[in-house]
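# Close look at the chain arrangement
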Amino acid sequence: WARIVHGEVGGEEGGEPGGATSGGLPYPFFLAQPLADAPASLGERGDWLVEWKFDGIRGQIVKRQGQVWVWSRGEELMTDRFPELVALASGWPDGTVIDGEIVAWDATAPSLPGSSAQGAPAPFSVLQQRIGRKTLTPKVLAAAPVHFLAYDLIERDGIDARAWPQGERRAALEALADAVRPRLDCSPLLQANDWAALAAWRERSREWGLEGLMLKHRLGRYGTGRVKSRPGDAEPLAWWKWKVDPFTIDGVLIYAQAGHGRRASVYTDYTFAVWSRPPRDAEEAQAVVQAIGERRPVQPGALQLVAFTKAYSGLSDEEFLAVDAVIRRTTLEKFGPVRSVL
């Protein structure tokens, strides 16, 4: 905030976020909706541009008045954290704003399907090495190199391009990417004749450390926030994220803690455990549960429940209340705000 007030980010006249002449300020981000229905519900496959969904930091790079700014989706100024992106955008024409994904990069990895760029995104854990660092030493920069994959051109030559159709913005983005040096890498487009072929690509996402697919209507404009059009609308306005199905695991609830705010009186924060090894049979598993109830210590090498994760979301208010009732009936011990359950 202080940097904006003193004019380091804003232009000479200042300006509101989203204005094409507002100094270094970004545009409001257009957010994607999760796709819950079958993709065929969206209509013809050919009406949609399809990209990979990356696991990185969504960002906008702003080049105006001979300066470069890098912003996160949360409107956090990150320019100092990513000097590689400043170098990347230094040769862009003034009045350029590009939306994309900041990812850690493995230049030795095989290229992604649909991409001409050498390498592929590294795990998000590599990028995390950069996020919390106040000082970027040469060692840190070498250990966690970053890359920018461009999604969308939302300002060109100082003109707000958000009302242009998605396909037109993509063509302009690709033209800019070919013209600038260093070359800008665009998020690769996937080619497939039908939704079934795209579903096959989606199922393989994890092979490349990706989260699924992004679907963007060719006629859609760049909106504000998480918005979507209704079926039959003359002007589609939607980005859909078609993520791979999450992994599932069976766990045992062993501890519970009351929540916060309006859920302060309900047990909503859970600790789960898994078996230290597969039980030989149901009798062995039941013997462990009985030993816990009798507060008998674990024998060396014996089967036991091992805590592995916590969770505090994903249920409705009604479901939290139902679990809360079970927790209160099966409480084994109390430790301040925490209960152990059996």
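Small disclaimer: the values here were computed from a predicted structure and weren't measured.

### Describing unusual backbone geometry
- Here arginine 181 and proline 182 are connected by a cis peptide whose omega angle stands at 0 degrees.
- Relative to the helices and strands, proline 182 is located in the loop between helix H5 (166-179) and strand S10 (185-186).
- Non-glycine residue glutamine 65 carries a positive phi angle of around 55 degrees.
- Look at aspartate 157: it is not a glycine, yet its phi comes out positive at around 55 degrees.
- Mapped onto the elements, aspartate 157 comes out in the loop between strand S8 (146-156) and strand S9 (159-160).
- Owing to a relative accessible area of 53%, aspartate 157 belongs among the exposed residues under this scheme.

### Remarks on the pairing of strand S6 (residues 96-106)
- Most of S6 sits inside the fold, with 10 of its 11 residues counted as buried.
- Taken together, the seven bridges between strand S4 (residues 57-64) and S6 define a ladder with antiparallel strand orientation. By the bridge assignment, isoleucine 61 is partnered in S6 with isoleucine 98.
- In the sheet, S6 pairs with S8 via eight bridges, with the strands oriented antiparallel. Residue pairing for S8: alanine 104 is matched across the bridge by valine 146.

### Overview of the confidence of the model for the protein
- The predicted model of the protein has a mean per-residue pLDDT of 88, with 91% of residues at 70 or higher.
- Below pLDDT 50 for its whole length, residues 1-21 participates in 41 contacts with residues either more than four positions away or in separate chains.

### Overview of the environment of glutamine 166
- Inspection of the secondary structure assignment puts glutamine 166 in helix H5.
- In this structure, the C-alpha to C-alpha distance between glutamine 166 and glycine 220, residues 54 residues apart in sequence, is 5.2 Å.
- Once residues lying within four places of it in the same chain are set aside, the contact partners of glutamine 166 are Leu49, Asp152, Lys216, His217, Arg218, Leu219, Gly220 and Trp239.

### Overview of the side chain of arginine 170
- Tracing the sequence through the fold places arginine 170 in helix H5.
- Classification of arginine 170 by relative accessible area gives buried; the value is 7%.
- Beyond its immediate stretch of four places on either side in the chain, arginine 170 contacts Leu49, Glu51, Ala150, Tyr151, Cys186, Ser187, Pro188 and Leu189.

The rules behind these values
- Residues numbered from 1 in each chain as written.
- Predicted model: local features only at pLDDT ≥ 70, side-chain atom pairs only at ≥ 80, totals over all residues.
- Heavy atoms only, no water.
- Helix = DSSP H or I, 4+ residues; strand = E, 2+ residues; numbered from the N terminus.
- Buried < 20%, exposed > 50% of the residue type's maximum accessible area, 1.4 Å probe, protein only.
- Pairing = 2+ DSSP bridges.
- pLDDT = per-residue confidence, 0-100.
- Contact = heavy atoms within 4.5 Å.

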